[in-house]
Amino acid sequence: SQAWYPIIPVEFLDREKPQNFKLLNMDLVVWNDGKVEGRSEEFGSKKDRPRGAKRADGTWRVFADSCPHRKVPLSEGRVEDDGTLLCSYHAWRWTGDADLCSVPQAQSEDEFMRIQSNPKSKCNSFPAKVVNGVLWVWPESGDDARLESALSEVPMMKLPHELDDSIDEDRLFCGTWNFRELPYSHDSLLIRFSRSPNMDSRSV
């Protein structure tokens, strides 16, 4: 698993909520840590959002889809307006760097600091990056994984202007992703149509 794996084009992702994906039999949660612009408070009800407020671009994060506290799927939680990820079970929150930043049940700052200082309070996070509009993840965690991923290129096909300096990048058009990139072929569609009782196979 020491390689970059594509997850999904980011244009299909919703920055307002965490989303579950499965990779190599692992459950992952993908979310964006962008903050909502115009909020007077760092944390609060979404009902208090200014009308028309939008979430900043932020950074796409990939964690193991398991709360360090009670192993509840983090994808069942929500992304707060301050750009933190909240677990739906006990409302613990984490930053995009996987650090625990809030424990509502803590009775004092000292108690919170004690919980936060426990290494097990951190989420299991994976290196991730967006290349040519696609989110990629390195499905291993830890300092070694971050170093290895930083030294490894994402195996993307080169664009024409990257292969030939004489091609003007401004003359290239990169369209949006669409479902024609899925692994199906038109010949299978023709076979399916030809078997339809309402269609004469000789017309195919």
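Attention here is on the structure that accompanies the text.

Quick notes on the overall build of the protein
Consideration 1: Regarding its fold elements, the protein presents four helices and 11 strands.
Consideration 2: Looking at the 204 residues of the protein, the share that counts as buried comes to 33%.
Consideration 3: Sequence separation of 24 or more characterises 53% of the internal contacts of the protein that already satisfy a separation of 6 or more.
Consideration 4: Element-wise, carbon and sulfur atoms account for 50% of the exposed surface of the protein, whose accessible area totals about 13,600 Å².

A short note on the environment of Ser102
Consideration 1: Secondary-structure assignment places Ser102 in strand 8 (residues 100–102).
Consideration 2: A relative accessible area of 15% means that Ser102 is categorised as buried.
Consideration 3: Counting along the chain gives 18 residues from Ser102 to Thr84, while the straight-line C-alpha distance between them is 9.5 Å.
Consideration 4: Each residue touching Ser102, except ones within four places of it in the same chain, is listed here: Ala91, Trp92, Arg93 and Phe112.

What about the pattern of salt bridges?
Consideration 1: This model, assessed by the stated rule, comprises nine salt bridges.
Consideration 2: For Lys22, the salt bridge goes to Asp27, with nearest N and O atoms at 3.1 Å.
Consideration 3: Lys22 gets classed as exposed once you look at its relative accessible area, which sits at 52%.
Consideration 4: A salt bridge links Arg61 to Asp97, with the shortest nitrogen-to-oxygen separation between them at 3.8 Å. Placement of the pair is Arg61 in strand 4 (residues 60–64) and Asp97 in the loop between strand 7 (93–94) and strand 8, with a sequence separation of 36 residues.
Consideration 5: Salt bridges linked by common partners bring Glu16, Arg55 and Asp81 together as one network.

Reading the values: the criteria
Residues numbered from 1 in each chain as written. Predicted model: local features only at pLDDT ≥ 70, side-chain atom pairs only at ≥ 80, totals over all residues. Heavy atoms only, no water. Helix = DSSP H or I, 4+ residues; strand = E, 2+ residues; numbered from the N terminus. Buried < 20%, exposed > 50% of the residue type's maximum accessible area, 1.4 Å probe, protein only. Contact = heavy atoms within 4.5 Å. Areas by Shrake-Rupley, 256 points an atom, 1.4 Å probe, with all protein chains shown as cover. Salt bridge = Lys/Arg side-chain N within 4 Å of Asp/Glu carboxyl O.

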